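Listed below are the residues making up each chain.
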Amino acid sequence: MSVKKHFSFVVNGENHTVESYPANRLLDVLREDLRLTGCKEGCGEGECGSCSVFLDDVMVNSCLVPIAQVQGREIRTVEALSSDPLGKILQEKFLEHNGAQCGICTPGMLVAAITLLRRNSEPTLGEIQDGLAGNLCRCTGYKKIFDAVADAAKVARDQGVLEGQKA
């Protein structure tokens, strides 16, 4: 029989300790225990990307990560993006291009777009499509999202936010 344990980690720059069963999903702990509801549950199987977060600066599907695996680690959720210059630009461009309709896919799309643009500051359309491929959207047909990411990349380069990034 599993027993609840204490797990300590950092979320969006703040230390947290929760009491949880080791196999509980990071997604559930974030949403239910910490009330960080930005990441969404779409499929619960790691296929849709709606629950994507950064774990030690690597994008992961939080529905697949047991809370026991985050002990002592750092997590950044979509809520932290408004204080990240690139995240802020991406959020603005998603709104401007109407790339965030129902909002279920948006957190994962933003996390994937940041991952892409930090790796490649001048992505082609094909590279944007590949960079966001692990995220499913049922509303936009993707064009609005791809346009938002391309526009955000240009603005971020123009503002020096992606300065020094290799294309």
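Residues numbered from 1 in each chain as written. Predicted model: local features only at pLDDT ≥ 70, side-chain atom pairs only at ≥ 80, totals over all residues. Heavy atoms only, no water.

Bringing the overall build of the protein into the picture now. When helices and strands are counted, the protein shows 5 helices and 5 strands. Listing each helix as α and each strand as β along the protein from the N terminus yields β-β-α-β-β-β-α-α-α-α. Buried residues in the protein amount to 46% of all 167 residues. The contacts in the protein between residues at least 6 apart in sequence include a share of 56% that link residues at least 24 apart. For the protein, the distance from the average site of its 18 positive side-chain charges to the average site of its 22 negative ones is 2 Å. (Helix = DSSP H or I, 4+ residues; strand = E, 2+ residues; numbered from the N terminus. Buried < 20%, exposed > 50% of the residue type's maximum accessible area, 1.4 Å probe, protein only. Contact = heavy atoms within 4.5 Å. Lys, Arg positive; Asp, Glu negative; His and termini not counted. Charge placed at Lys NZ, Arg CZ, Asp CG, Glu CD.)

Attention shifts here to the sheet that holds strand 5 (residues 74-76). Taken together, the 5 strands give an open sheet; going across it, the order is 2-1-5-3-4, and neighbouring strands pair in mixed fashion. Lying at the two open borders of the sheet, with one neighbouring strand each, are strand 2 (14-20) and strand 4 (58-61). For this sheet, the mean inter-axis angle between neighbouring strands, taken without regard to orientation, is 40 degrees. Of the strand pairs in this sheet, strand 1 (residues 5-11) and strand 5 are connected by 2 bridges, and their pairing is parallel. Among the inter-strand pairings, Val 10 is bridged to a residue of strand 5, identified as Glu 74. (Pairing = 2+ DSSP bridges. Axes fitted to C-alpha atoms, helices over the stretch in contact; angles between N-to-C directions.)

This part takes up the pattern of salt bridges. Summed over all chains, the structure comprises 10 salt bridges. Its salt-bridge partner being Arg 25, residue Asp 28 comes within 2.8 Å of it at the nearest N-O pair. On the accessibility criterion, Asp 28 (21% relative accessible area) is partly exposed. A salt bridge links Asp 151 to Lys 93; the shortest N-O distance between them is 3.3 Å. Taken together, the residues Asp 151 in helix 5 (residues 143-158) and Lys 93 in helix 2 (residues 85-96) connect sequence positions 58 residues apart. (Salt bridge = Lys/Arg side-chain N within 4 Å of Asp/Glu carboxyl O.)

So, about the nonpolar core. Ranked by internal contacts, the top residues of the largest apolar core, which has 28 residues, are Leu 90, Phe 94, Leu 117, Leu 132 and Val 149. Those residues in contact with Leu 132 that sit more than four places away from it in its chain are Met 109, Ala 112, Ala 113, Ile 145, Phe 146 and Val 149. Of all hydrophobic cores here, the second largest spans 20 residues; its members include Phe 7, Phe 9, Leu 27 and Ile 67. (Core = buried A, V, L, I, M, F, W, Y, C linked by side-chain atoms within 4.5 Å.)

Interpretation in functional terms is not warranted from these geometric data alone.
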